[in-house]
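Below are the chains, spelled out letter by letter.
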Amino acid sequence: MAWGDPYIALVDESEVFDPSVHCRFDLEVERVEFGVDSEDEFATFTIDVKPPTGGAYAPGKKTWAYLSYPHPNGTIYLLGKGKVDAFPLGGDPDSATLVFKCAPSDWQAAQLALLQTTKSEPHWDDVLVAPDSRDDPTEILDGQSRVIAFHPATHAVELHDIFGVGLDVIDFGDEWYDDSLSAELTGPAITEVEVEVTAAWKQQLKGTVFAAAAVTSAFGGTPSTLTPEDFENRWPRVGDGIANANGYTVRSSRLTRAYPVGAPEKAGPFSGSSDHYQYITDSNLTAKEARDVELDIAYFDHDLSLSWEAEQARREVVKIILRSGVQDTSLGNGGRQKIAVDCQDVTVDYQTPEWQPSTYYAVGALVRQGSANWRRAVAGVSDATWSNDFTSFDMGTFPPTLVQNWNREPSDQSPIGGIHNDRYLPTVRGHQTLLAAAFKGRAILADSMRNGRITVEVPLEVAIAAGLWIGKVARFSIPEGRLAIEGSYVQGKVVSYKMIISADDSDHTCSITIACALGSDKSTVAPVGTVSGTLTGEAWDVVALPSIAALLPRPMAVGGIVRARVEHAFNDQVAYVDAHDYDPPAGRTDDDATDPSKLLSDVPTNLILDLVSLASEDEMILETEIVSSIPFEGPKQIDLGGT
C-alpha cells in the first residue's frame, strides 16, 4: 500500500482548511505522532523536523499548522489543527521536535458555555457549590460522568458520556493485530458509595402575642384595683422588654380609666381611726373611736401586645447509600467509598435583586433588603435610603398622609424559602439537592465500573478513514479463547490513541485504548414515590432515592403566653385591708399601721405575664440514612460472566 507524506501547512488561526490550498509541505517532516494520551486532554501532533531558524517570536512567524494526510483511498483527511505548544530553540543540528496542541484560543470560554447548558440537569445544584466556584468547569462536571472534548481538526467542543452513550461506534471487527492485544482490569469496582449531605442554618422566627384576652381572664373581667396610680405605673409601655423573658418587647399598649355601668364605685366599709378620719365623726370630736371608711374602686380598659424574636441553630444530615450493579468479577470486593457534601447557606436568596436607591420600581417589584423580601405597593423612584423609602407622604391629600411603599413577603427565593422555615432536605427543593449529591456518588460508581482496559493496534488507514478520535466508541471482535470473557466482542469509549506516520513508510501504526464498563446492563425503573433522575436516558441508568418528606424536625419554641397572673387583685386587697384595719378589740390600735389607705401600699395590684421561654438549644439535629431504591446498573461493555 502506498502512503504519501503527511502535509504540514503553517497557517493563521482564522484560516479555513482547503485541500487545494493547505496540502503542502511547509516543514520537512520525518515522523509524526498524532493522538491523545487521556480523554480529558487535548490532542497533539508531534513532528520531527529540521531545526527551525530565526527567532521563535519573529514577526510574521506562523505558529498554527494543519496536519492532513493523503489516504490510499484518494481522500485527503484533515487530522488536526494545532498551535505550537513546545518550540525548540536549537541544540541538535540534525533534528528538532515541534509539538502542536489542537486547542482553540477561546477553548476556556467555549467549554464553559457548553457546561452552563447542563445546569438544568439533575446532577447540578447551586446549593452544593460555593458561590465563587459556580462557573468552575471542574465543579460543573462533578457528578456528570462526562468529559469535555475538542475535536482535533474542527475544534468543535463536545461533552461525552464516559460510557460513550450517544457517540458513533467504530466497529473494527477483526481488523486489528492479534499480537498487539493487551487487556486488564484496573482493580475491583466499588460496590457502594456513601454520600453524606449536611445542611446547616439558623432558623429565625418572629411574631406577635396579643395579651388582652389573657389579661381580662386573669382579672376575671374588667381589670379593677384599689391602687390605680401604682397599677398605671406598673403597666407595660411600648418598647419595654419583659424582665423575665428575653426576646419579648411591648409592641402596643393602652390603659385608660373605665366606668362600667352598674359596677360598684366604692369598696368597704373598712375601719379607720378617728385620729386619721376626723371628718367621719359625730359631734364628739375628742372621742377616739373607729370610723367606717370607703375606698374608691378604679376600673380600666386595656390593650396589650408583645413582639418576639427567636433564633435556633439547625443541622440536617442525610446519608445516602448508592449501590452498584457491577458484575461480580471475583477479584475481591471494591467496598464502600465515602464522600461528604456540605450545603451552602440555604437561607441566602441569590435570585431576588437587592434594593437600590434612586431606582424606579413598578407596583409588584420584588427586592431583597436585610433578611427579607419586599414587594412594591406604590410605583415610584426609590429614596436615598431604605428607611426613607419604606414610607412616604402622599402630598395629594390634605393633610398629607403617610403611605407604606413596601410590603414584606412571607417567604423569599432562597432554597429554604425563608429563614422562618424549620427544615430543608425533607422538602421538595431539598430533594433536588439530595438527588444532585447522589449523582456525585453515581459518578464515582460509574468511573469505578469502567475498569476494563483494552489496547490494540489497528490498520492506520482504517482508523483514519473511520475518523478515530476520543469522541468515538470502538468495538472489537475477539476470537474464542483469546480473552477470559463471555461473548465474542468488547467495546468501550476511546480514552487514548496514537497514530505514527513516517515519511519513509517505515512506521505506520495506530494504537487504541478503550475503557469497558463492567455493568449488568439490567433495565431499571424508578419506583413510585421516589425522587429520581438519569443522565443518559438509558434503561440501565436510573438513580432513585426514597422520599424523606415525612421526616419532621423538632419545632423550636415560639412566642406565647403560658398564663397571665394578677398579684393582689381587687378581692385580695379587700381581704387584706379587712384583716389589718383599725380594730381596738383585736388590739389593732396603731393608727399608722391600721390606716386602710396606707395598708394598700402592702398589696398593690400587679400584672404578671408568664411567657414561653425563647431560649434556643445549641443545635437541633435531624439525621437519617436512606438507601438507593435500585442499584445503578451501568452498561455491560465487556462480559466477565459475573451476575
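Conventions and cut-offs
Residues numbered from 1 in each chain as written. Predicted model: local features only at pLDDT ≥ 70, side-chain atom pairs only at ≥ 80, totals over all residues. Heavy atoms only, no water. Helix = DSSP H or I, 4+ residues; strand = E, 2+ residues; numbered from the N terminus. Rg over C-alpha atoms; globule rule 2.2 N^0.38 Å. Contact = heavy atoms within 4.5 Å. Areas by Shrake-Rupley, 256 points an atom, 1.4 Å probe, with all protein chains shown as cover. Lys, Arg positive; Asp, Glu negative; His and termini not counted. Charge placed at Lys NZ, Arg CZ, Asp CG, Glu CD. Salt bridge = Lys/Arg side-chain N within 4 Å of Asp/Glu carboxyl O. Buried < 20%, exposed > 50% of the residue type's maximum accessible area, 1.4 Å probe, protein only. Patch = residues over 30% accessible without salt bridge, like charges linked within 9 Å, V, L, I, M, F, W, Y side chains within 5 Å. Pairing = 2+ DSSP bridges. Axes fitted to C-alpha atoms, helices over the stretch in contact; angles between N-to-C directions. Expected span 1.5 Å × (residues − 1). Polar contact = N/O pair within 3.5 Å; in protein donor to acceptor, adjacent residues only side chain to side chain.

Peer 1: Mind laying out the overall build of the protein chain, listing which residues take part and the relevant values?
Peer 2: Looking only at helices and strands, one finds 10 helices and 34 strands in the protein chain. For 643 residues, the compact-globule formula gives about 26 Å, and the C-alpha radius of gyration of the protein chain, at 43 Å, lies well above that figure. With the principal axes as the frame, the protein chain shows a C-alpha extent of 150 × 60 × 45 Å. Nonlocal contacts in the protein chain, meaning residues at least 24 apart in sequence, comprise 73% of its contacts between residues at least 6 apart. Carbon together with sulfur atoms contributes 48% to the accessible area of the protein chain, which is approximately 30800 Å² in total. Of the charged side chains in the protein chain, 49 are positive and 94 negative, and the gap between their average positions amounts to 2 Å.

Peer 1: Run through the pattern of salt bridges, naming residues and quoting values.
Peer 2: All chains considered together, the criterion is met by 31 salt bridges. Between Arg24 and Asp26 there is a salt bridge, and its shortest N-O distance comes to 2.8 Å. Accessibility expressed as a relative area gives 33% for Asp26, which makes it partly exposed. Across the pair Arg376 and Asp389 runs a salt bridge whose closest N-O atoms are separated by 3.0 Å. Taken together, the residues Arg376 in strand 21 (residues 372–376) and Asp389 in helix 6 (residues 386–390) connect sequence positions 13 residues apart. Of the two residues, Arg376 and Asp389, both sit in the buried class.

Peer 1: With reference to specific residues and values, describe the environment of Leu181.
Peer 2: Following the sequence through the fold, Leu181 ends up in the loop between strand 9 (168–173) and strand 10 (182–185). By relative accessible area, Leu181 is classed as buried at 14%. The contact partners of Leu181, leaving out residues within four places of it in the chain, are Trp176, Ile454, Thr455, Val456, Arg482 and Leu483.

Peer 1: Any details on a nonpolar patch on the surface? Residues and values, ideally.
Peer 2: On the surface, a cluster of nonpolar side chains totalling about 380 Å² of accessible area is made up of Phe393, Met395 and Leu402. One can find Leu402 in strand 24 (residues 401–404).

Peer 1: Before we move on, can you summarise the sheet that holds strand 21 with the specific residues and values?
Peer 2: In space, the 3 strands of this open sheet follow the order 20-21-25, with antiparallel pairing throughout. Two strands bound the open sheet, and with one partner strand each, they are strand 20 (366–369) and strand 25 (406–408). Pairwise comparison of adjacent strand axes, ignoring direction, gives a mean angle of 40 degrees for this sheet. Two elements, strand 21 and strand 25, share 3 bridges in a ladder whose sense is antiparallel. Looking across to strand 25, one finds that Trp374 is bridged to Arg408.

Peer 1: Hey, could you go over helix 7 (residues 428–449) for me, with residue numbers and the actual values?
Peer 2: Between its terminal C-alpha atoms helix 7 stretches 31 Å, which fits the 32 Å expected from 22 residues at 1.5 Å a residue. By the criterion of burial, helix 7 is predominantly enclosed, with 18 of the 22 residues buried.

Peer 1: Please set out the pairing of strand 3 (residues 44–49) residue by residue, giving values where relevant.
Peer 2: Working note: regular strand, side chains alternate between the two faces of the sheet. Note: strand 2 (residues 29–36) against strand 3, 6 bridges, orientation antiparallel. Bridge pairing links Glu33 to Thr46 in strand 3. Looking at chain direction, strand 3 and strand 6 (residues 96–101) are connected through 6 bridges and run antiparallel. Bridging from a neighbouring strand, Val49 pairs with Ala96 of strand 6.

Peer 1: Account for unusual backbone geometry, with residues named and values stated.
Peer 2: Where the residue is not glycine, phi is negative for most of them; where a peptide bond is considered, it is trans in most cases. The peptide bond linking Gly268 to Pro269 adopts the cis configuration, its omega dihedral lying at 5 degrees. Within the element layout of this structure, Pro269 appears in strand 15 (residues 266–273). Look at Ser145: it is not a glycine, yet its phi comes out positive at around 55 degrees. For Ser145, the position within the fold is in the loop between helix 3 (137–141) and strand 7 (146–150). A residue is classified by how much of its surface remains accessible, and Ser145, at 7% relative accessible area, is buried. In this model, Asp521 sits at a positive phi of 65 degrees, which is unusual for a non-glycine residue. Taking relative accessible area as the criterion, Asp521 reaches 43% and is therefore assigned partly exposed.

Peer 1: I'd like a rundown of the pairing of strand 7, residues and numbers included.
Peer 2: For strand 7, a buried count of 5 out of 5 residues is recorded, marking the element as mostly surrounded by other parts of the structure. The side-chain alternation of strand 7 yields two buried faces, one formed by Arg146, Ile148 and Phe150 and the other by Val147 and Ala149. Of the pairings in the sheet, the one linking strand 7 to strand 8 (residues 157–161) comprises 5 bridges and is antiparallel in character. By the bridge assignment, Val147 is partnered in strand 8 with His160. With antiparallel pairing between neighbouring strands as the criterion, strand 7 and strand 8 make up a hairpin whose turn holds 6 residues, including His155 at a positive phi of roughly 65 degrees.

Peer 1: I'd like to hear about the side chain of Asp581, residue by residue, with values.
Peer 2: Along the chain, the position of Asp581 falls in the loop between helix 9 (570–580) and helix 10 (596–599). Judged by its relative accessible area of 5%, Asp581 is buried. Side-chain polar atoms of Asp581 contact the backbone nitrogen of Ser271, separated by 2.9 Å. Sequence-distant contacts of Asp581, that is, excluding residues within four places in its chain, are made with Phe270, Ser271, Arg588, Thr594, Pro596 and Leu599.

Peer 1: Help me get a handle on the side chain of Arg146, residues and values and all.
Peer 2: Topologically, Arg146 is positioned in strand 7. Look at Arg146 and you get buried, because its relative accessible area is 15%. Among the polar contacts made by the side chain of Arg146, one reaches the side chain of Glu121 at a distance of 2.7 Å. Within polar-contact distance, the side chain of Arg146 engages the backbone oxygen of Leu535 at 3.3 Å. If we ignore the near neighbours within four places in the chain, the residues touching Arg146 are Thr118, Glu121, Leu141, Leu159, His160, Asp161, Ile162 and Leu535.

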